[in-house]
Amino acid sequence: MPTFDQNIISLHELENYLRQLSHIKLIHIIKRCRVERILYIDDNIVYHSKEEAIQLLAIEFKKNGYHLKELKEIIEHLCYYYINDAYFDFIDSKDPTSILFCYFHLLNNNVFSINGHDLFFNTRRTLKDKPLEFMNHTATQRKNTITQMRIDFISFINSITSDDYNKKKYIHYLNEEYIFSRSKFNFNWLSKKDNDQAIWAVKYIKDNHIIKNNHKHIPNIIDDYNHYSIVIPALFHSLEITDDAKELFLIKMKKAWGQVKYRNKIKKDKKTTINLVIRQDSKSKLEDISNFYGLNLNETLEKLINNESKIIKNSGI
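Keep in mind the model is a prediction, meaning the values are calculated, not measured. (Residues numbered from 1 in each chain as written. Predicted model: local features only at pLDDT ≥ 70, side-chain atom pairs only at ≥ 80, totals over all residues. Heavy atoms only, no water.)

Draft legend 1. Main features of the packing of helix H5 (residues 96-107) against helix H6 (residues 146-159). Interhelical geometry of H5 versus H6 gives an angle of 50° and a closest axis separation of 9 Å. Taken together, H5 and H6 sit at an angle that is classed as oblique. In the crossing of H5 with H6, the sense of the turn from one axis to the other is left-handed. Along its contact with H5, which presents Pro 96, Ile 99, Leu 100, Cys 102, Tyr 103, Phe 104 and Leu 106, the element H6 presents Ile 146, Met 149, Arg 150, Asp 152, Phe 153, Phe 156 and Ile 157. Grouping the amino acids of the contact of H5 with H6 by side-chain chemistry returns 12 nonpolar, no polar and two charged. (Axes fitted to C-alpha atoms, helices over the stretch in contact; angles between N-to-C directions. Helix = DSSP H or I, 4+ residues; strand = E, 2+ residues; numbered from the N terminus. Parallel < 35°, antiparallel > 145°, perpendicular 65-115°, else oblique. Left-handed = near helix turned anticlockwise from the far one by under 90°. Contact = heavy atoms within 4.5 Å. Nonpolar A, V, L, I, M, F, W, Y, C, P; charged D, E, K, R; others polar.)

The structure is reproduced here in structure tokens:
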């Protein structure tokens, strides 16, 4: 229990001390305070404001009468397994796909055990510890912001009672995998402003057996079409499958979208599909006519039909 005496510092001094810490570390402290029942502050209200996190923490510590020395000891205890923020630099708010990539990967892979042991890289262990599931430490069903997902990911990694080496190894792995996958597999063909593509792409991903087999947990953010052009690449890049399997996945997806675009164009242009069987020599002649006019076969056939229709109409038959 805290001791109340003349050594208790002012609220202003508490705020100045807390201001030296990063925003992400402050939220980690708030989360750990709640878990260890030291203080209770709703972490959801401080995701977007460092100053609000500082004020709320200072008020609660002041209310409970902690000395600065006691406060430092508590923070040191709560951050014992906390690794330097610099290791998370690649999970950049300016690149939201990187955030979702890490979030989805951790959500769908057993990385650490409840005892802090490495499960992801240690595949030789015959009797593995029970996994510490990220699913139980984040809310996938609510409408999380990407900022919240970033903080949940980092806070979870920092709360695991594991050696720094294991944590840093996993973070380094994610960094390398993300850079490599992004450089090899391109999603520039997804448009941020194409609502038809958004509806199709989200359904395609949800129905895809590879996604279903490898991503048991997909947050509700996938249903927000405003984010589909970053959510889908993140889901894809975070798949733990071979590069050949990824390449085939992407080829099939782009081909499927090409077919959808073609069908949509036909409908938009009020066109229809017909099946014709003609002689080989007739097809060759049609191709010659197409080359002469610089048209494709469809356009050439339409031109011939329209010309013949005019001739019939003008003949008065």
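Next comes the rest of the account.
Draft legend 2. A look at the packing of aromatic side chains. For the structure on display, the rule yields 17 aromatic pairs. For the pair Tyr 80 and Tyr 81, a centre-to-centre distance of 4.9 Å together with 80° between the ring planes defines the contact as edge-to-face. Residue Tyr 81 is classed as partly exposed on the basis of its relative accessible area of 29%. When the ring of Phe 112 is compared with that of Tyr 170, the centres are 6.1 Å apart and the planes differ by 85°; the resulting orientation is edge-to-face. Of this pair, Phe 112 sits in the loop between H5 and H6 while Tyr 170 sits in helix H7 (residues 164-184), and the two are 58 residues apart along the sequence. For Phe 112, a relative accessible area of 2% corresponds to the buried category. Within the aromatic cluster, the residues linked to one another by ring pairs are Phe 112, Phe 120, Phe 121, Tyr 170 and Tyr 173. Above the face of the Phe 121 ring, Lys 169 is positioned so that its terminal group lies 4.6 Å from the ring centre. The aromatic ring of Phe 236 is capped on one face by Lys 246, whose charged end is 5.5 Å from the ring centroid. (Phe/Tyr/Trp six-rings, centres within 6.5 Å; stacked < 30°, edge-to-face > 60°. Buried < 20%, exposed > 50% of the residue type's maximum accessible area, 1.4 Å probe, protein only. Lys NZ or Arg CZ within 6 Å of the ring centre and 35° of its normal.)

Draft legend 3. Structural view of the pattern of salt bridges. One pass over the full model with this rule turns up nine salt bridges. Of the charged contacts, one joins Lys 203 and Asp 207 as a salt bridge, the two residues approaching to 2.8 Å between their closest N and O atoms. With Lys 203 and Asp 207 both in helix H8 (residues 195-207) and four residues apart, the pair spans about one turn of that helix. For Lys 203, a relative accessible area of 53% puts it in the exposed group. Arg 279 is the partner of Asp 281 in a salt bridge, and the nearest nitrogen-oxygen pair spans 3.2 Å. (Salt bridge = Lys/Arg side-chain N within 4 Å of Asp/Glu carboxyl O.)

Draft legend 4. Looking closely at unusual backbone geometry. The phi dihedral of Arg 37 is positive, around 60°, even though this residue is not glycine. Along the chain, Arg 37 turns up in the loop between helix H2 (23-35) and helix H3 (50-63).

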